[in-house]
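Tertiary structure, described
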Amino acid sequence: MALSALERDPAGGGRFSCPVPPLCRTRPCALGVDEAGRGPVLGPMVYAICYCPVEKLEELEALGVADSKTLSEAERERRFGLLEAAGELLGWALQVLPPDHISACMQQR
């Protein structure tokens with residue numbers, strides 16, 4: 001899985017993504033963006049995108065897509081499994097910025 005390096009070293013940061021689904025290469029897509037984290041004091045900042053063809057939005061909504069902050073950890077894990085299984089119509093990418101990177105950038109002039 002594309003996230004195995006992040007699972008081994010959560011503070012390591014980096015870019016992670018799935019292969020672009022074939023449908024997303026030829027169809028207009030809808031894209032959602034979200035971020036999570038509290039900055040360099042408490043851990044990494046994570047920026048994420050998720051996208052699918054506009055014509056497949058109803059299928060995505062049927063999977064129960066929701067703001068992760070409104071879900072329990074168990075429910076997030078369950079839905080992540082559903083989204084992972086929908087890889088033929090759904091793409092995603094993450095950018096994880098580790099705390100030391102954020103601090104170093106904040107101190108630059």
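Our structure is the block above this text.
So, here is what we can say about the structure in this document. (Residues numbered from 1 in each chain as written. Predicted model: local features only at pLDDT ≥ 70, side-chain atom pairs only at ≥ 80, totals over all residues. Heavy atoms only, no water.)

Within the chain, the regular secondary structure consists of five helices and four strands. In the chain, the succession of α and β elements from N to C terminus is α-β-α-β-β-α-α-β-α. Counting every position in the chain, which comprises 109 residues, the buried fraction comes to 22%. Counting contacts in the chain only where the partners sit at least 6 residues apart, residues at least 24 apart contribute 68% of the total. Approximately 7,500 Å² of the chain is accessible, and the part contributed by carbon and sulfur atoms is 57%. (Helix = DSSP H or I, 4+ residues; strand = E, 2+ residues; numbered from the N terminus. Buried < 20%, exposed > 50% of the residue type's maximum accessible area, 1.4 Å probe, protein only. Contact = heavy atoms within 4.5 Å. Areas by Shrake-Rupley, 256 points an atom, 1.4 Å probe, with all protein chains shown as cover.)

As a further point, take the pairing of strand β4 (residues 91-97). The pairing of strand β1 (residues 14-17) with β4 spans four bridges and is classified as antiparallel. Within β4, the residue paired with Phe-16 across the bridge is Leu-94. The sheet contact formed by strand β3 (residues 45-53) and β4 spans seven bridges and is antiparallel. By the bridge assignment, Cys-50 is partnered in β4 with Trp-92. (Pairing = 2+ DSSP bridges.)

Here we take up the sheet that holds β3. Strand order in the open sheet made by the four strands is β1-β4-β3-β2, with antiparallel pairing throughout. Two strands in the sheet have a free side with no partner beyond their single neighbour: β1 and β2 (29-36). Sheet twist, expressed as the mean angle between neighbouring strand axes with direction ignored, is 15°. Judged from the eight bridges that link them, β2 and β3 form a sheet pairing that is antiparallel. (Axes fitted to C-alpha atoms, helices over the stretch in contact; angles between N-to-C directions.)

Quick look at the pattern of salt bridges now. Inspection of every chain in the model, using the stated rule, returns four salt bridges. A salt bridge links Glu-59 to Lys-56; the shortest N-O distance between them is 3.3 Å. Residue class for Glu-59 comes out partly exposed when judged on its relative accessible area of 39%. As a salt-bridge pair, Arg-78 and Glu-75 come within 2.7 Å of each other at their nearest N and O atoms. Residue Arg-78 and its partner Glu-75 are located together in helix α4 (residues 73-85), separated by three residues, close to a single helical turn. (Salt bridge = Lys/Arg side-chain N within 4 Å of Asp/Glu carboxyl O.)

This part covers the environment of Ser-17. Take Ser-17: it is sitting in strand β1. For the pair Ser-17 and Gln-95, spaced 78 residues apart in sequence, the C-alpha to C-alpha distance is 8.8 Å.

It is worth spelling out the environment of Glu-59 at this point. Within the secondary structure layout, Glu-59 lies in helix α3 (residues 57-62). C-alpha of Glu-59 to C-alpha of Ala-86: the two residues are 27 residues apart in sequence and 9.3 Å apart in space.

A word on the environment of Pro-21. Here Pro-21 lies in the loop between β1 and α2 (22-26). Owing to a relative accessible area of 2%, Pro-21 belongs among the buried residues under this scheme. Residues within four places of Pro-21 in sequence aside, it is in contact with Tyr-51, Gly-87, Glu-88, Leu-89, Leu-90 and Gly-91.

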